[in-house]
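A structural walkthrough
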Amino acid sequence: YEDLHAFELQAPTRLIEWARGNRVCVAGYGQSGGNEILQLLPPPTLQVKETQGLCPERDFKVECGGFSNRPVYSLKYVPDTSLLVTSGPPDSSLQVWQVSAEDSDVIKPVGAIPTVNGTGQPWAKIATVSARAPWVLHGSRLNSVQITEVESRKNVYMAASSNSEELSGLAFLDGNTLLLCCAKGQLCLADVRQPQSPLEAVSVPSAPCGERWCMGVGRGPQGSDSSSQPIACLSSGGHLTLTDLRKTSESLASAKCRVPSPSSGAEFLCVSWAPALEGCLAISGFDGTVHVYDTQSWDSSGREAEPIFVHRGHAFGGSDSSGGPPLVTVHTWHPQKPRTLLSAASNGSLHVWDWVQSCGKC
């Protein structure tokens, strides 16, 4: 490691979200009430653009926090506001939170956003954007996807679909274009400007049946449009398929990751592209590790890929609340520092780490 910070939370955490000023938001997912939502101030070494040598403060600090009476399975900061949006069982509604001003240390609930025809549906996946106004994209199934203006609670888009496939993820590609990923491995593009156009789901190339899938959307070359953004699809069996929006039915490259089959039903699967390293991505959700891969040499053969780095720190942090080995529940890349990642695990451990660059662009 080039650098490693650890912070122990009071409860298992499955969320890490970057907020204003490089703050970090985390939340718990316990089934009982009183799940914490915290905004953390990162260690000073993560707030400077360049390494400043030794720093006496190496820990996170809690700036403000609140409590949710339901498990928090998804959390997103609403850009250009002081609002957070969360979702979690027992239904597909969203909760809206206000991060208080500097003179207060409270994150307080300020409202809820229902899902149209969402009765009996599982918790909603969410994404946010502020292209026109602060919007939240949310839904748990393909036929319940909608966009709501966060502050006014006005519905601005409803997807036209009779397909009730469960969603594993969704994303804004730009202010008008949406990408949806179904748990069974289909991808679907939607356009906010064409709400009446029926959604057409296209299967991930060579998707093995019976596996659960998730997606990660990367950044295209600077100045390019959304169609050049790379997409990584990860299955519960460890299959990784790379494609792009110009033809999602065809694979650009594929590989098999050397990971165990997840024991938790694949609910924590996570794949994400590095924002500042071309061709690099990370995966987690199989065990107590995070794997980093350089995909630039991959082809369409589906051969086993060798990670360029494996973070195993969570596995040595003690068991989780069930007495079993810890499972990485989520990871995310630092938005500016190329090789810095944050990861959280089921034993309440939060790690920030940066590996030593050995060769190549990664």
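The rules behind these values
- Residues numbered from 1 in each chain as written.
- Predicted model: local features only at pLDDT ≥ 70, side-chain atom pairs only at ≥ 80, totals over all residues.
- Heavy atoms only, no water.
- Helix = DSSP H or I, 4+ residues; strand = E, 2+ residues; numbered from the N terminus.
- Buried < 20%, exposed > 50% of the residue type's maximum accessible area, 1.4 Å probe, protein only.
- Contact = heavy atoms within 4.5 Å.
- Pairing = 2+ DSSP bridges.
- Axes fitted to C-alpha atoms, helices over the stretch in contact; angles between N-to-C directions.
- 1 Å grid on protein atoms, 1.4 Å probe; cavity = no way out; pocket = protein on both sides within 12 Å on 5 of 7 lines; lining within 4 Å.
- Points joined across faces, edges and corners; volume = space filled by probe spheres on them.
- Nonpolar A, V, L, I, M, F, W, Y, C, P; charged D, E, K, R; others polar.
- Phe/Tyr/Trp six-rings, centres within 6.5 Å; stacked < 30°, edge-to-face > 60°.
- Lys NZ or Arg CZ within 6 Å of the ring centre and 35° of its normal.
- pLDDT = per-residue confidence, 0-100.
- Salt bridge = Lys/Arg side-chain N within 4 Å of Asp/Glu carboxyl O.

**Some details on the overall build of the protein**
Tallying secondary structure elements over the protein gives zero helices and 29 strands in all. C-alpha extents for the protein along the principal axes are approximately 55 × 50 × 45 Å. A burial count over the protein gives 56% of its 362 residues as buried. Put simply, 52% of the contacts in the protein that link residues at least 6 apart link residues at least 24 apart.

**Topic: the sheet that holds strand 4 (residues 35–41)**
Overall, antiparallel pairing links the four strands, which are arranged 2-3-4-5 in an open sheet. Across the chains shown, the open sheet's two edge strands, defined by having one partner strand only, are strand 2 (17–18) and strand 5 (61–68). Examined bridge by bridge, strand 2 and strand 3 (residues 24–27) share two bridges and lie antiparallel to one another. When the sheet's bridge partners are listed, Trp18 is paired in strand 3 with Val24.

**Details of the sheet that holds strand 28 (residues 340–345)**
In space, the four strands of this open sheet follow the order 1-29-28-27, with antiparallel pairing throughout. Strands with a single pairing partner mark the edges of an open sheet, and in this sheet they are strand 1 (3–8) and strand 27 (328–333). Strand-to-strand twist of the sheet, defined as the mean angle between neighbouring strand axes without regard to direction, takes the value 15°. Judged from the five bridges that link them, strand 28 and strand 29 (residues 349–354) form a sheet pairing that is antiparallel. By the bridge assignment, Thr340 is partnered in strand 29 with Asp354.

**Section: empty space enclosed by the protein**
Rolled over the atoms, a probe with the dimensions of a water molecule shows which regions are left empty. Per the counting criterion, the structure on display carries one cavity of 30 Å³ or more. If you add up the space inside the largest cavity, you get close to 60 Å³. Around the largest cavity, the lining residues are Leu9, Gln10, Ala11, Pro12, Thr13, Val26, Ala27, Gly28, Glu36 and Leu38. Counting residues per element, the ones that place at least two in the lining of the largest cavity are strand 3 and strand 4. For the lining of the largest cavity, a count of residues per class yields six nonpolar, three polar and one charged.

**A closer look at the packing of aromatic side chains**
Under the counting rule described, the total for this entry stands at 10 aromatic pairs. Ring centres of Trp353 and Trp355 lie 6.5 Å apart, and the angle between their planes is 45°; on these two criteria the pair is classed as tilted. As far as burial versus exposure is concerned, Trp353 and Trp355 are alike and both buried. Taken together, Tyr1, Phe309, Trp333, Trp353 and Trp355 form an aromatic cluster joined through their ring pairs. Lying across the ring of Tyr29, Arg14 places its NZ or CZ 5.9 Å from the centre. Above the face of the Trp123 ring, Lys125 is positioned so that its terminal group lies 4.1 Å from the ring centre.

**Structural notes on the environment of Trp355**
Here Trp355 lies in the segment after strand 29. Between the C-alpha atoms of Trp355 and Ile308, which are 47 residues apart in sequence, the distance is 9.9 Å.

**With respect to the confidence of the model for the protein**
When pLDDT is averaged across the protein, the result is 87; 90% of the residues are at 70 or more. Segment residues 52–56: pLDDT under 50, and two contacts once partners within four positions in sequence are set aside and those in other chains are kept.

**Section: the pattern of salt bridges**
According to the stated counting rule, one finds 11 salt bridges in the structure shown. Ionic pairing is found between Lys76 and Glu17, a salt bridge with its closest N-O pair at 3.9 Å. Placement of Lys76 in strand 6 (residues 74–77) and of Glu17 in strand 2 is noted, with a sequence separation of 59 residues between them. Among the ionic pairs, Glu304 bridges to Arg258, the shortest N-O distance being 2.8 Å. Of this pair, Glu304 sits in strand 25 (residues 304–305) while Arg258 sits in the loop between strand 21 (253–257) and strand 22 (270–273), and the two are 46 residues apart along the sequence.

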